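One letter stands for each residue in the lines below.
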Amino acid sequence: MSDVKTVIWVHADNLNPHSQPFKLAAGAPALFVFDDALLQAWGITLKRIVFMYECLLELPVTIRRGDVLEELTRFVAEHDALRVLTSYSPSPRHAAICAALRQRLPRVRLEVLSEAPFVRAQQVDLKRFSRYWQAVKGEALTRTS
Amino acid sequence: MADMRRDFKDREELVAYLREQFPEAAARSPHVSPFIGGRTSAESRLAVSKFGAEYAQTRNYVTGSVTRLSPYIRHGVLTLAEVRDAALAQVSRAEDAEKFISELGWRDYWQRVYAQVGDKIWQDLEPYKTGFTADDYADELPDDIRYGETGVRFIDDLCKELFTLGYLHNHGRMWLAAYVVHWRRVKWQAGARWFLEHLVDGDPASNNLSWQWVASTYSHKPYYYNWDNVLRFTGKKYLNASPRILGNEAFLGTYEVIARRLFPNIDLEHDHSQPHQSPPKPTRFKQDGKKDKRR
Ligand SMILES: Cc1cc2nc3c(=O)[nH]c(=O)nc-3n(C[C@H](O)[C@H](O)[C@H](O)COP(=O)(O)OP(=O)(O)OC[C@H]3O[C@@H](n4cnc5c(N)ncnc54)[C@H](O)[C@@H]3O)c2cc1C
């Protein structure tokens, strides 16, 4: 583990207590922000909020709500952090927040970490599932090494 | 803003707090799902899941041995790799868990498509192959569907499950989605938004792309079904009820009849080609309009 002051930004695509950020920076302050604009835009109902909240209660995180970028910026400042660890997400919204954070806090290093993949193959034809499956099946049926 | 609370003595207290914190979410639908969030529940469920022959043989039945791991997988509480490893540990030969692992593959596949197309996931990735254009479909979900009051019993039952559990069996999702898009001719986007409001496993990739698969905007033909298919995969539930009570007239008939009714502008082939997946056993899926894939 490096000595750089680190915080973890947890988001809804990875609520796993054994995620890479928690492994790499055990004990670091961690933040989850309920994205009010997203909850509103998607019309998310109570069921999902309760489920997510229960996941969060098993994680060592501070839970807030509001604007994710603002809250994250504030959290980084509160902890004088110079490094932020977060988990990979395919969501464009996640990418946009990462880009905005990098721009706003150029001295802070943001690292996006991936979990062990289902299959490693990268260049796969995604036109139809059958093509994908033909390409990855062998690896998919093999245990993670 | 102040930190949100973490000290609750039980679920009831947590739910009361969240109702107060998120009144709009609770007003949209007051239900709380029986799925309990967290790694502890995820691991317990993983430990009792069936991944081998029992899964493969029963997964298409709404009462079948599916895992119900989707909310945990969707929120990363379990990784696909570790679920796959658990499945392989349960069977003696890897092929015995192939059906199950290929379903995990569907999730990985949709995630990869999402990473490629981004927000275009909300647009038709291909044209409809139904003999209609997107303009022929309504933009908004009709209220009778939104509130589960269509008068079609099995559709309303599915809606109620969606509202109260935040979960539907895969077959139920397909039936409901095809009803919205093909029987009611509503844009898949309206249905997909509605599902995302309620599903505890709601995920833009798996949800929107599955809707596109049903609609035919990301597949080579529309998914549809008939009453025999519903009867067969719902067990005894609707077996002896009369059509008057079931309100199911629109689903009665052979696949040819239903196809002519739903897609009068085109001739849908009732072939047995299998472009998406390895062929299912010939007799099991005889009833299906789209025979290439049972999801
Ligand atoms: C219209 C429609 C909307 C859907 N929306 C979602 C959604 O928002 N989120 C979601 O996770 N799944 C969605 N699915 C896919 C599928 O229905 C669910 O993943 C599955 O029913 C979850 O139940 P299970 O965990 O018992 O599945 P199992 O059969 O036990 O499968 C194990 C896991 O494999 C994955 N999986 C299985 N089938 C599929 C599939 N067809 N596509 C993608 N992943 C799959 C899931 O992670 C699931 O937990 C949708 C399907 C349709 C037809």
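Cut-offs applied
- Residues numbered from 1 in each chain as written.
- Chains lettered and ligands numbered in written order.
- Predicted model: local features only at pLDDT ≥ 70, side-chain atom pairs only at ≥ 80, totals over all residues.
- Heavy atoms only, no water.
- Near = heavy atom within 4 Å.
- Polar contact = N/O pair within 3.5 Å; in protein donor to acceptor, adjacent residues only side chain to side chain.
- Helix = DSSP H or I, 4+ residues; strand = E, 2+ residues; numbered from the N terminus.
- Nonpolar A, V, L, I, M, F, W, Y, C, P; charged D, E, K, R; others polar.
- Domains from an automatic or database assignment.
- Contact = heavy atoms within 4.5 Å.
- Buried area = accessible area lost by both parts, 1.4 Å probe.
- Salt bridge = Lys/Arg side-chain N within 4 Å of Asp/Glu carboxyl O.
- Axes fitted to C-alpha atoms, helices over the stretch in contact; angles between N-to-C directions.
- Parallel < 35°, antiparallel > 145°, perpendicular 65-115°, else oblique.
- Left-handed = near helix turned anticlockwise from the far one by under 90°.
- Buried < 20%, exposed > 50% of the residue type's maximum accessible area, 1.4 Å probe, protein only.
- pLDDT = per-residue confidence, 0-100.
- Expected span 1.5 Å × (residues − 1).
- Arc of directions from axis to C-beta.

1. Looking at the site of the ligand
All names here are of chain B. Within the structure, the ligand sits among 29 residues, and Tyr-55, Thr-67, Arg-68, Asn-170 and Asp-201 are positioned closest to it. Between the ligand and the protein, one listed contact pairs an oxygen atom with a backbone N or O atom of Asp-203 at 3.1 Å. At a separation of 3.5 Å, a nitrogen atom of the ligand approaches a polar side-chain atom of Asn-207. Contributions of two or more residues to the shell around the ligand are made by helix 5 (70-74), helix 7 (98-117), helix 10 (170-183) and helix 12 (204-215). The leading source of residues in the shell around the ligand is helix 7, at 6 residues. Tallied by class, residues from the shell around the ligand come to 15 nonpolar, 7 polar and 7 charged. Looking at the shell around the ligand, you find at least three residues from each of domain 1 (11-118) and domain 2 (119-262).

2. Focus: the domain arrangement of chain B
Residues and elements named next belong to chain B. With domains assigned, chain B is organised as domain 1 (11-118) and domain 2 (119-262). Taking only C-alpha atoms into account, the centre of domain 1 sits 21 Å from that of domain 2. Listed as interface residues are 24 residues of domain 1 and, on the opposing side, 28 residues of domain 2. Carbon and sulfur atoms supply 62% of the area buried between domain 1 and domain 2, which totals about 2,400 Å² over both sides. We note a salt bridge from Asp-203 to Arg-107, for which the minimum N-O separation is 3.5 Å. One can count 12 residue pairs in polar contact (both at pLDDT 80 or more) joining domain 1 with domain 2.

3. Observations regarding the packing of helix 3 (residues 46-57) of chain A against helix 1 (residues 11-21) of chain B
As a packed pair, helix 3 of chain A and helix 1 of chain B sit with axes 10 Å apart at the nearest point and diverge in direction by 125 degrees. Relative to helix 1 of chain B, the element helix 3 of chain A is oriented oblique. Of the two possible hands of crossing, helix 3 of chain A and helix 1 of chain B adopt the one that is right-handed. Residues Leu46(A), Ile49(A), Val50(A), Tyr53(A), Glu54(A) and Leu57(A) of helix 3 of chain A lie in contact with helix 1 of chain B, whose contacting residues are Arg11(B), Leu14(B), Val15(B), Tyr17(B), Leu18(B) and Arg19(B).

4. Re the interface of chain B and chain A
Listed by partner, the interface residues are 82 residues for chain B and 62 residues for chain A. With both sides pooled, the region where chain B packs onto chain A buries about 6,000 Å², and carbon together with sulfur makes up 57% of that total. When the area that chain B buries against chain A is broken down by residue, the three leading residues are Arg6(B), His75(B) and Arg112(B), summing to 12%. The interface formed by chain B and chain A holds 6 salt bridges in total. Between Glu98(B) and Lys137(A) there is a salt bridge, and its shortest N-O distance comes to 3.1 Å. Put simply, chain B and chain A have 42 residue pairs in polar contact (both at pLDDT 80 or more) between them. Secondary structure elements with two or more residues in the side of chain B that touches chain A: helix 1, helix 2 (23-28), helix 3 (39-48), helix 5, helix 6 (80-90), helix 7, helix 9 (153-165) and helix 11 (188-198) of chain B. With 14 residues, the single largest contributor to the side of chain B that touches chain A is helix 7 of chain B.

5. What about unusual backbone geometry?
Residue and element names in this part refer to chain B. Although it is not a glycine, Arg-68 adopts a positive phi angle of roughly 55 degrees. Here Arg-68 lies in the loop between helix 4 (53-58) and helix 5. Classification of Arg-68 by relative accessible area gives partly exposed; the value is 34%. A positive phi angle, close to 90 degrees, is found at Ser-216, a residue other than glycine.

6. Re the side chain of Thr73(A)
Residues and elements named next belong to chain A. Its location among the elements puts Thr-73 in helix 4 (residues 68-78). On the basis of relative accessible area, Thr-73 is assigned to the buried category, the value being 16%. For Thr-73, the side chain forms a polar contact with the main-chain oxygen of Leu-69, separated by 2.6 Å. Sequence-distant contacts of Thr-73, defined by excluding residues within four places in its chain, comprise Leu-101, Arg-104 and Leu-105.

7. Points about the packing of helix 11 of chain B against helix 12 of chain B
Residue and element names in this part refer to chain B. Between helix 11 and helix 12, the least distance of the axes is 10 Å, while the angle of their chain directions is 145 degrees. Read as a crossing pair, helix 11 and helix 12 show a hand that is right-handed. Contacts from Trp-188, Gly-191, Ala-192, Phe-195 and Leu-196 in helix 11 reach Pro-204, Asn-207, Asn-208, Trp-211, Gln-212 and Ala-215 in helix 12. For the contact of helix 11 with helix 12, the class distribution of residues is 7 nonpolar, 4 polar and no charged.

8. Focus on the confidence of the model for chain B
Caution applies to low-pLDDT parts of the model: their predicted coordinates are not meant to be read in detail. All names here are of chain B. In this model, chain B carries an average pLDDT of 91, and 91% of its residues clear a pLDDT of 70 or more. Counting interchain partners and residues more than four positions distant, the pLDDT-below-50 stretch residues 271-288 has 47 contacts. Taken together, the stretch residues 291-295 has pLDDT below 50 and engages in 36 contacts with residues farther than four places along the chain or on a different chain. Predicted complex metrics record ipTM = 0.97 and pTM = 0.94.

9. Focus on helix 6 (residues 129-140) of chain A
Counted at 1.5 Å a residue, the expected span for helix 6 of chain A with its 12 residues is 16 Å, but the 14 Å between its end C-alpha atoms falls short. Where helix 6 of chain A is concerned, the buried positions are Phe129(A), Ser130(A), Tyr132(A), Trp133(A), Val136(A) and Ala140(A). The buried side chains of helix 6 of chain A occupy one side of the element, clustering within an arc of 145 degrees when seen end-on. Facing away from the buried side of helix 6 of chain A, by more than 90 degrees, are the exposed residues Gln134(A), Ala135(A) and Gly138(A). In this structure, the buried side of helix 6 of chain A is in contact with helix 6 and helix 7 of chain B.

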